[in-house]
Amino acid sequence: MEGKDYLDGQTLLIDKPLEWSSFQVVNKLRWLIRKQFDIKKIKVGHAGTLDPLASGLLLICTGKSTKTINELQGQIKEYTGTISLGASTPSYDLETEFDAQYPIDHLTEEVIHGATKQFIGKIEQYPPVFSALKKDGKRLYEYARNNEEVKISSRTIEISEFEITAINGANVNFRVVCSKGTYIRSLAHDFGKALDSGAYLSVLRRTKIGGYSVENAMTPQAFEELLKEV
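Every value quoted in this text rests on a predicted model; they were computed, and no experiment measured them.

Taken together, the side chains of L53, L94 and F98 make up a nonpolar region of the molecular surface, amounting to roughly 270 Å² of accessible area. Tracing the backbone through its elements, the reader meets L53 in the loop between β2 (44-46) and β3 (55-62). Given a relative accessible area of 37%, L53 falls into the partly exposed group.

Laid out in structure tokens, this is it:
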């Protein structure tokens, strides 16, 4: 592939490593393409943010393909991961410290499996206060980090599949298929409440976006090696 191909437009399937931000992946790939092909300027963007604590499929669009980002963002998504029961955090994941502990002795496998049913279909969901959504020109996490109160509106999302794939003590492995705008962290938090306990998201991996699968994706390092072979 040549520099012109990236300018004309490519959709790259990248397996985002843990602790990388989606923005870091975009910057890394843009820099690699510019360096390899001596291109002064090229548009590069991603179709749907993944948190640094999540891994998995990130669609990176280059050149003219950046025009398809909105369409790609609207696609159905699939995630796998782990919800940990018995505690909660302000960010609904491991970005922040635990703020409460909850009993889990009353939870059976039957109860845990059964609780998924109330999340199937169109539901109202509140985004985490520790998120990049904007309100009055500021991102929600900016309010949260300054301990400022902020009113968050719920949004309608749709979950078509919510499957418990394994239960290991307090750790519940899952697979979810959902619409654009779904926060799996919020789902984990709400799942804990539905169980009369608490919960947070401890592992998250995006496996599909529309017809694209992480099985066909490459790491940023693998992409770098691929460019060296050009």
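Let us now look at the pattern of salt bridges. Applying the stated criterion across every chain, the model contains nine salt bridges. Two residues, K28 and E224, come together in a salt bridge whose shortest N-O distance is 3.6 Å. One end of the pair, K28, is in helix α2 (residues 22-37); the other, E224, is in helix α7 (residues 220-228), with 196 residues separating them in the sequence. Judged by its relative accessible area of 26%, K28 is partly exposed. Residue R185 is joined to D93 by a salt bridge in which the shortest nitrogen-to-oxygen separation is 4.0 Å. Separated by 92 residues along the polypeptide, R185 in helix α6 (residues 184-194) and D93 in the loop between β5 (87-88) and β6 (100-101) bring together distant segments of the chain. Taking the relative accessible area as the measure of exposure, R185 reaches 4% and is therefore buried. Residue classification places D93 among the buried positions, given a relative accessible area of 5%. Bridged by salt links that share partners, the residues E78, E161, E163 and R175 form one connected network.

Applying the stated rule across the entire model yields seven aromatic pairs. Aromatic side chains Y6 and F223 sit 6.2 Å apart centroid to centroid with 85° between the ring planes, which places their arrangement in the edge-to-face category. Highlighted residues: Y6 in helix α1 (residues 3-8) and F223 in helix α7, separated in sequence by 217 residues. Of the two residues examined, Y6 and F223, each falls in the buried class. Ring pairs connect the aromatic residues F119, F162, F174 and F191, which therefore count as one cluster.

Cut-offs and rules
Residues numbered from 1 in each chain as written. Predicted model: local features only at pLDDT ≥ 70, side-chain atom pairs only at ≥ 80, totals over all residues. Heavy atoms only, no water. Patch = residues over 30% accessible without salt bridge, like charges linked within 9 Å, V, L, I, M, F, W, Y side chains within 5 Å. Areas by Shrake-Rupley, 256 points an atom, 1.4 Å probe, with all protein chains shown as cover. Salt bridge = Lys/Arg side-chain N within 4 Å of Asp/Glu carboxyl O. Helix = DSSP H or I, 4+ residues; strand = E, 2+ residues; numbered from the N terminus. Buried < 20%, exposed > 50% of the residue type's maximum accessible area, 1.4 Å probe, protein only. Phe/Tyr/Trp six-rings, centres within 6.5 Å; stacked < 30°, edge-to-face > 60°.

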